[in-house]
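# A structural walkthrough
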2 protein chains.
Amino acid sequence: MKARVTVYPRREILDPQGKAIRGALARIGFAEVHEVRAGKSFELDLGVDDAQRAGDLLAAMCEKLLANTVVEDYEIELLEVRNA
Amino acid sequence: MKARVTVYPRREILDPQGKAIRGALARIGFAEVHEVRAGKSFELDLGVDDAQRAGDLLAAMCEKLLANTVVEDYEIELLEVRNA
C-alpha cells in the first residue's frame, strides 16, 4: 500500500516560508497568487495491505516523527494497494 | 481556486532525506515501511477561477520557481473553486 502524508503549519501559525514564496512569485509576474502555504510531503510504501491498519500506522508515524503536532497539521491519503 | 503542488525528487535521483526518514521510522518500530520519498507541498490560493488558466499558471510557476526540474518532478492538483 502506498500512502502520502502531507504536513502543513497549522492555520493559526505564521508561515514565513509560504509568505516568502508568495512574494517571490509576485515579483516574477504571478500577482494572481493570494496565499501560499509551504509544507512537506512524504510518499511512503508500506508493507501492509489492510487500509485500516495502514491508516493507524501512518497516524502513529505522524504523531511520533513526521509532524510536530504542536505547530503542524497532517493529512494522510492512501494511494493504492501494492501490486494491484 | 485552490491548488496543491507537490514536488518530489525524480525517481532516478537519490533521496537521502527520504532514506534517513525511513531509517528513523525503522528505529522507532515502523519496520513495515519499505520506502519513503520526501518532498515539498505547496498549497496556493489563486485569484483565478478558470481551471485551464489556473493549470497553465501553476505549470509556469513550477517551471520558474517552485521546482528544480533538473532533479525534481512536480504534480499539480486543483482543489476547489473559491467561494463555492
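Scroll up to find the structure this text is about.
Residues numbered from 1 in each chain as written. Chains lettered and ligands numbered in written order. Predicted model: local features only at pLDDT ≥ 70, side-chain atom pairs only at ≥ 80, totals over all residues. Heavy atoms only, no water.

## Concerning the packing of helix H2 (residues 51–66) of chain A against helix H1 (residues 16–27) of chain B
Interaxial distance between H2 of chain A and H1 of chain B falls to 11 Å at its minimum, and their mutual angle equals 105 degrees. Judged on the interaxial angle alone, H1 of chain B and H2 of chain A are roughly perpendicular. Between H2 of chain A and H1 of chain B, the residues in contact are Met61, Leu65 and Leu66 of chain A and Ile21, Ala24 and Leu25 of chain B, respectively. Of the residues contributing to the contact of H2 of chain A with H1 of chain B, the split by class is six nonpolar, no polar and no charged. (Axes fitted to C-alpha atoms, helices over the stretch in contact; angles between N-to-C directions. Helix = DSSP H or I, 4+ residues; strand = E, 2+ residues; numbered from the N terminus. Parallel < 35°, antiparallel > 145°, perpendicular 65-115°, else oblique. Contact = heavy atoms within 4.5 Å. Nonpolar A, V, L, I, M, F, W, Y, C, P; charged D, E, K, R; others polar.)

## Examining the sheet that holds strand S1 (residues 2–9) of chain B
If you trace the six strands from one edge of the open sheet to the other, you get S3(A)-S1(A)-S2(A)-S2(B)-S1(B)-S3(B), paired in antiparallel fashion. At either end of the open sheet lies a strand with only one pairing partner, and these are strand S3 (72–80) of chain A together with strand S3 (72–80) of chain B. Pairwise comparison of adjacent strand axes, ignoring direction, gives a mean angle of 25 degrees for this sheet. This element, helix H1 (residues 16–27) of chain A, spans strand S2 (33–46) of chain A together with strand S2 (33–46) of chain B of the sheet and lies at about 120 degrees to S2 of chain A. (Pairing = 2+ DSSP bridges.)

## Regarding the interface of chain B and chain A
On the chain A side, the residues contacting the 37 residues of chain B number 37 residues. Interface area for chain B against chain A, summed over the two sides, is near 3100 Å², with a carbon-plus-sulfur share of 59%. In terms of surface lost to chain A, no three residues of chain B exceed Phe30, Glu32 and Glu43 of chain B, which account for 18% of the buried area on that side. Where chain B meets chain A, there are eight salt bridges. Note that arginine 4 of chain A and glutamate 75 of chain B form a salt bridge whose closest N and O atoms lie 3.3 Å from each other. Connecting chain B to chain A are 20 residue pairs in polar contact (both at pLDDT 80 or more). Elements that contribute at least two residues to the side of chain B that touches chain A include exactly S1, H1, S2, helix H2 (51–66) and S3 of chain B. (Buried area = accessible area lost by both parts, 1.4 Å probe. Salt bridge = Lys/Arg side-chain N within 4 Å of Asp/Glu carboxyl O. Polar contact = N/O pair within 3.5 Å; in protein donor to acceptor, adjacent residues only side chain to side chain.)

## A look at the relation of the copies chain B and chain A
Two copies of the chain are present, and they differ by a rotation about an axis and a shift along that axis. Turning chain B through 180 degrees and shifting it by 0.0 Å along the axis lays it on chain A, with an RMSD of 0.0 Å. Here the two chains are linked by the operation of a two-fold rotation axis. When each C-alpha of chain B is compared by its distance to the rotation axis, lysine 40 of chain B comes out closest, at 2.2 Å. (Least-squares fit on C-alpha atoms with pLDDT ≥ 70 in both.)

## Comments concerning the pattern of salt bridges
Enumeration over the complete set of coordinates arrives at 17 salt bridges over all chains. Residues arginine 53 of chain B and glutamate 32 of chain A are paired through a salt bridge, measuring 3.0 Å at the closest nitrogen-oxygen approach. Of the two residues, arginine 53 of chain B sits in helix H2 while glutamate 32 of chain A sits in the loop between H1 and S2, which places them in two different chains. Arginine 53 of chain B gets classed as partly exposed once you look at its relative accessible area, which sits at 41%. With a shortest N-O distance of 3.6 Å, arginine 4 of chain B and glutamate 77 of chain A are connected by a salt bridge. Here the residue arginine 4 of chain B occupies a position in strand S1, and glutamate 77 of chain A occupies one in strand S3, the pair thus bridging two chains. For glutamate 77 of chain A, a relative accessible area of 22% puts it in the partly exposed group. Overlapping salt bridges, with partners in common, bring together Arg4 and Glu43 of chain A together with Arg11, Glu35, Arg37, Glu75 and Glu77 of chain B in one network. (Buried < 20%, exposed > 50% of the residue type's maximum accessible area, 1.4 Å probe, protein only.)

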